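So the chains spell out like this:
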Amino acid sequence: MKKIFMLISCTLLCVSAVFAQEGRNAVGGAVTAYPYAAAGGLCYQRYITEKLGLEGFGYVIYNPSYEEMPLNYSVGVELDYVIYEHSPASFFNTRLFLWGQLVHFGAINQTYHQTVYGTTTNSSGETVTDYDNVITESYYDNPTYAPNFGAALGFGFDLIFGKHVCVPVKFGISGDLSGIGFSTSSGLKYIW
């Protein structure tokens, strides 16, 4: 998994360097808490104009030992519009922006079947569970793919240190096919 992460990170850095313009590109990691899930992954951002930025993000979690949901992923695109930018010092910048995003996410879910034990009659004539008599062991089966789509919008701010390190913090309302709720996001980006 570390090799895949490193390969994707290096590829993003190399490809994005071709399109680099000073201060207009960013690559990094993010952690997002939606009402339906929490996720962490990679992102690439490019400011198209001084005020308008476009970001792509995604993550994949594959864990076969977590049998109930061994695969979980998310990919999305975000549009940022800068409302206000301030540079109180040469090493520190802040940016206030509105954002909107579209997300596709999905998972493979499996059904859990609990262990079934036999019964026996005790000396009092009562029927009790016989834990030594296992009829069926617990198991997972029936893997199903569960896709979903969501959208979110809100506001956020970037704290930019030394013109290259950015900590974005975002708040918003998000919704998917199952409902609406509050979402937050933060991360760490490298700007060049």
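Please refer to the structure placed before this passage.
Throughout this description, residue numbers start from 1 for each chain and increase along the sequence as written. Residue-level local features of this predicted model are given only where pLDDT is at least 70; pairs of side-chain atoms are given and counted only at 80 or more, and the full residue set underlies all totals for whole chains, interfaces and linings. Side-chain metrics rest on all non-hydrogen atoms present in the structure, leaving aside hydrogens and water.

Can you explain the pattern of salt bridges? Please cite residues and give values.
Salt bridges are defined as contacts in which a side-chain nitrogen from Lys or Arg sits within 4 Å of a carboxyl oxygen from Asp or Glu. For the structure on display, the rule yields 4 salt bridges. Its salt-bridge partner being Lys170, residue Glu55 comes within 3.8 Å of it at the nearest N-O pair. In this pair, Glu55 is assigned in strand β3 (residues 52-62) and Lys170 in strand β9 (residues 165-176), connecting sequence segments 115 residues apart. Side by side, Glu55 and Lys170 carry an identical accessibility label, which is buried. Linking Asp158 and Arg95 is a salt bridge whose minimum nitrogen-to-oxygen distance equals 3.1 Å. Taken together, the residues span a long stretch of sequence, with Asp158 in strand β8 (residues 139-161) and Arg95 in strand β5 (residues 92-113) at a distance of 63 residues. Overall, Asp158 belongs to the buried group, its relative accessible area being 2%. Labels follow the DSSP assignment, with helices taken as runs of H or I lasting at least four residues and strands as runs of E lasting at least two, numbered in each case from the N terminus. Burial classification: accessible surface area is computed with a 1.4 Å probe over protein chains only, and a residue below 20% of its type maximum counts as buried, one above 50% as exposed, and the rest as partly exposed.

I'd like a rundown of the packing of aromatic side chains, residues and numbers included.
Stacked, tilted and edge-to-face are the three classes applied to pairs of Phe, Tyr and Trp rings, where Trp contributes its six-membered ring and a pair requires centres within 6.5 Å; stacked means planes under 30 degrees apart, edge-to-face means over 60, and tilted covers the rest. Applying the stated criterion across every chain yields a total of 6 aromatic pairs. Relative to Phe171, the ring of Phe155 has its centre 5.7 Å away and its plane inclined at 35 degrees; by these criteria the two rings are tilted. Taken together, the residues Phe155 in strand β8 and Phe171 in strand β9 connect sequence positions 16 residues apart. Take Phe155: its relative accessible area is 41%, and that puts it in the partly exposed class. Judged by its relative accessible area of 27%, Phe171 falls in the partly exposed class.

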